[in-house]
Amino acid sequence: MTFSTGLKAGLFLSMAVVLAGCGGGGSWPFSGGSDPEAQERQRARAAEQTNPAREMRESDRETIWDLFTDQDDPNVTVEVNRYLWRASLEILNFMPIEAADPFSGVIVMGWGQPAGGGRAYRATVYVQDPALDARSLKVALVSRAGPASRDTVRAVEDAILTRARQLRVQDSNL
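Scoring rules and cut-offs
- Residues numbered from 1 in each chain as written.
- Predicted model: local features only at pLDDT ≥ 70, side-chain atom pairs only at ≥ 80, totals over all residues.
- Heavy atoms only, no water.
- Pairing = 2+ DSSP bridges.
- Helix = DSSP H or I, 4+ residues; strand = E, 2+ residues; numbered from the N terminus.
- Contact = heavy atoms within 4.5 Å.
- Axes fitted to C-alpha atoms, helices over the stretch in contact; angles between N-to-C directions.
- Phe/Tyr/Trp six-rings, centres within 6.5 Å; stacked < 30°, edge-to-face > 60°.
- Lys NZ or Arg CZ within 6 Å of the ring centre and 35° of its normal.

> Would you mind going over the sheet that holds strand β2 (residues 106–109) with me for this structure?
Adjacent strands of a sheet pair through backbone hydrogen bonds, lying either parallel or antiparallel. What the five strands build is an open sheet, ordered β1-β2-β3-β4-β5; its pairing is antiparallel. Only two strands of the sheet have a single neighbouring strand rather than two, namely β1 (97–101) and β5 (146–147). Of the strand pairs in this sheet, β2 and strand β3 (residues 121–127) are connected by three bridges, and their pairing is antiparallel. If you follow V108 over to β3, its bridge partner there is T124. The strands touched by helix α3 (residues 82–91) within the sheet are β1, β2, β3 and β4 (137–143), with β2 carrying the most contacts at an inclination of about 5°. Helix-sheet contacts for helix α4 (residues 150–172) involve β3 and β4, and the interaxial angle to β4 is about 135°.

> What is the right way to read the packing of aromatic side chains from this model?
Two measures describe an aromatic ring pair: the distance that separates the ring centres and the angle between the ring planes. All chains considered together, the criterion is met by zero aromatic pairs. Between R144 and the ring centre of W111, over which it is positioned, the NZ or CZ distance is 4.3 Å.

Shown next as structure tokens:
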């Protein structure tokens, strides 16, 4: 066995020992695994984490990766403006609806040709905010020749926003 092979084996063995020490909470003799109170706390923590109705508070975060988990209940927090949603369906009524998800705010429309138009279009609408604002609406428009021009997309977005404002005014009886 050469010196470099022995060095590699020693390095590998020391890394394995370091990684084994990172386990924490196992049933090692000196980690408190035989303590009944520690076991009960661990069971309570596991039951709390599997409860779907549990809300995560700032003090419940244990690792940096908890920041990236989505703890909001999608059945409670709806982030879609209803006027933009309805206006999108009305303005793009010449296209068949392929998929619509009001909880995420996505409407996928199939190929359709507007009245008096010579091109067929396909659209995906994303209503991403509860505010009635231009930033809340994203429209992706595609023709059979490729992506639609920015002017066409802007015209569709403007028509949806105008109709959404009209619907809001009708609801408030102004």
